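# Commentary on secondary and tertiary structure
Next come the chains, spelled out residue by residue.
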Amino acid sequence: MSGMFEIKPMMAADTAAGYAELEQQLRALLGGERDYTANAANTAALLFHTVPGLNWAGFYRLVGETLVIGPFQGKPACVRIPLGQGLCGTAAARRATVRVPNCRAFPGHIACDPASNAEIVLPLLAQGRLVGVLDLDSPVLNRFSEADQTGLERLAAAFVAATDFE
Ligand code: SME
């Protein structure tokens, strides 16, 4: 994408139709660019400004056995999370989405922003290889539904397909 990109709000928030629209926006935004930092930065910005009720949206990249913070929107957050620790490390180790209604009740949750209550972490798999996670936090308890999970998993897959990982 070159030039100005006008973000459209999610008209049908948290529904399959809303996420299908958002996926179109994401594909347009990432079109023609395969750089990880560029695509992760724009994806985090798009999600933060379209998905309602977020206080943090961003990426952790797998480096060896550790997740290292990548582009994000929100308050500064923990830099390194070992595999298996916190929600991010758990989603990465399981290679499965972790969606919690109340992250304070999740044993081992790493609190970066005290405003966060609900959280969803999606593993990023490039041709079966774990490359990182996408993490979204919300101050709203029980913020993320099954529809959010399905929609966000599609967006995560679109981001991975559009991006080169070393
Ligand atoms: N809560 C996460 C840490 C990352 S921040 O929320 C941005 C965790 O438990 O892994």
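Residues numbered from 1 in each chain as written. Predicted model: local features only at pLDDT ≥ 70, side-chain atom pairs only at ≥ 80, totals over all residues. Heavy atoms only, no water.

## A look at the state of the cysteines
Taken as a whole and judged by the stated rule, the model has one disulfide. Each sulfur of the disulfide joining C78 and C112 lies 2.3 Å from the other. Taken as a pair, C78 in the loop between strand 2 (66–74) and strand 3 (80–82) and C112 in the loop between strand 4 (98–100) and strand 5 (118–126) lie far apart in primary sequence, 34 residues in all. In this structure C78 comes out as partly exposed when scored by relative accessible area, which is 21%. Accessibility expressed as a relative area gives 32% for C112, which makes it partly exposed. For C88, which is in no disulfide, the shortest distance to another cysteine sulfur is to C78 and amounts to 7.4 Å. Using a relative accessible area of 4% as the deciding quantity, one classes C88 as buried. Looking at C103, it has no disulfide partner, and the nearest cysteine sulfur is the one in C112, 9.8 Å off. (Disulfide = S-S within 2.5 Å. Helix = DSSP H or I, 4+ residues; strand = E, 2+ residues; numbered from the N terminus. Buried < 20%, exposed > 50% of the residue type's maximum accessible area, 1.4 Å probe, protein only.)

## Quick notes on the nonpolar core
L47, L136 and F159 are the most contacted members of the largest nonpolar core, which totals 32 residues. Breaking this core down by element, the ones donating at least two residues are helix 1 (16–30), helix 2 (36–50), strand 1 (56–63), strand 5, strand 6 (129–138) and helix 4 (146–161). For this core, the element with the highest residue contribution is helix 4, accounting for six residues. Apart from residues lying up to four places away in sequence, F159 is in contact with L26, L30, Y36, N39, A40, T43, F59, L124 and F165. Formed by 16 residues, the second largest nonpolar core is a distinct cluster that contains W56, Y60, C88 and V98. (Core = buried A, V, L, I, M, F, W, Y, C linked by side-chain atoms within 4.5 Å. Contact = heavy atoms within 4.5 Å.)

## Structural notes on the environment of R129
Structurally, the position occupied by R129 is in strand 6. Judged by relative accessible area, R129 falls into the partly exposed class, the value being 41%. C-alpha separation for the pair R129 and S2, spaced 127 residues apart in sequence, amounts to 30 Å. Those residues within four positions of R129 in sequence are excluded, and the remaining contacts are L124, F165 and E166.

## Re the site of the ligand
Contacts to the ligand come from 13 residues, most closely from L87, C88, I110, E119 and D137. The backbone of C88 places a nitrogen or oxygen atom 2.8 Å from an oxygen atom of the ligand. Expressed as a share of its isolated accessible area of 300 Å², the protein-covered part of the ligand is 99%. For the shell around the ligand, the elements supplying multiple residues, two or more each, are strand 1, helix 3 (86–94) and strand 6. In terms of residue count, helix 3 provides more of the shell around the ligand than any other element does, three residues in total. Tallied by class, the residues present in the shell around the ligand amount to eight nonpolar, two polar and three charged. (Near = heavy atom within 4 Å. Polar contact = N/O pair within 3.5 Å; in protein donor to acceptor, adjacent residues only side chain to side chain. Areas by Shrake-Rupley, 256 points an atom, 1.4 Å probe, with all protein chains shown as cover. Nonpolar A, V, L, I, M, F, W, Y, C, P; charged D, E, K, R; others polar.)

## A word on the packing of helix 1 against helix 4
Remark: helix 1 packs on helix 4, axes separated minimally by 10 Å, with the N-to-C direction vectors making an angle of 15°. Between helix 1 and helix 4, the crossing angle belongs to the class labelled roughly parallel. Remark: the crossing between helix 1 and helix 4 carries right-handed chirality. Within the contact between the two elements, helix 1 uses Y19, L22, E23, L26, R27 and L30 and helix 4 uses A147, D148, G151, L152, R154, L155, A158 and F159. (Axes fitted to C-alpha atoms, helices over the stretch in contact; angles between N-to-C directions. Parallel < 35°, antiparallel > 145°, perpendicular 65-115°, else oblique. Left-handed = near helix turned anticlockwise from the far one by under 90°.)

## A short note on the pattern of salt bridges
Following the criterion strictly, the structure yields five salt bridges and no others. Across the salt bridge formed by D14 and R143, the nearest N and O atoms sit 3.1 Å from each other. Separated by 129 residues along the polypeptide, D14 in the segment before helix 1 and R143 in the loop between strand 6 and helix 4 bring together distant segments of the chain. Taking the relative accessible area as the measure of exposure, D14 reaches 24% and is therefore partly exposed. Here R34 and D164 are joined by a salt bridge, their closest N and O atoms 2.7 Å apart. A residue pair is termed long-range when its members are at least 10 positions apart, and R34 in the loop between helix 1 and helix 2 and D164 in the segment after helix 4 qualify at 130 residues. The partly exposed category is assigned to R34, whose relative accessible area is 36%. (Salt bridge = Lys/Arg side-chain N within 4 Å of Asp/Glu carboxyl O.)

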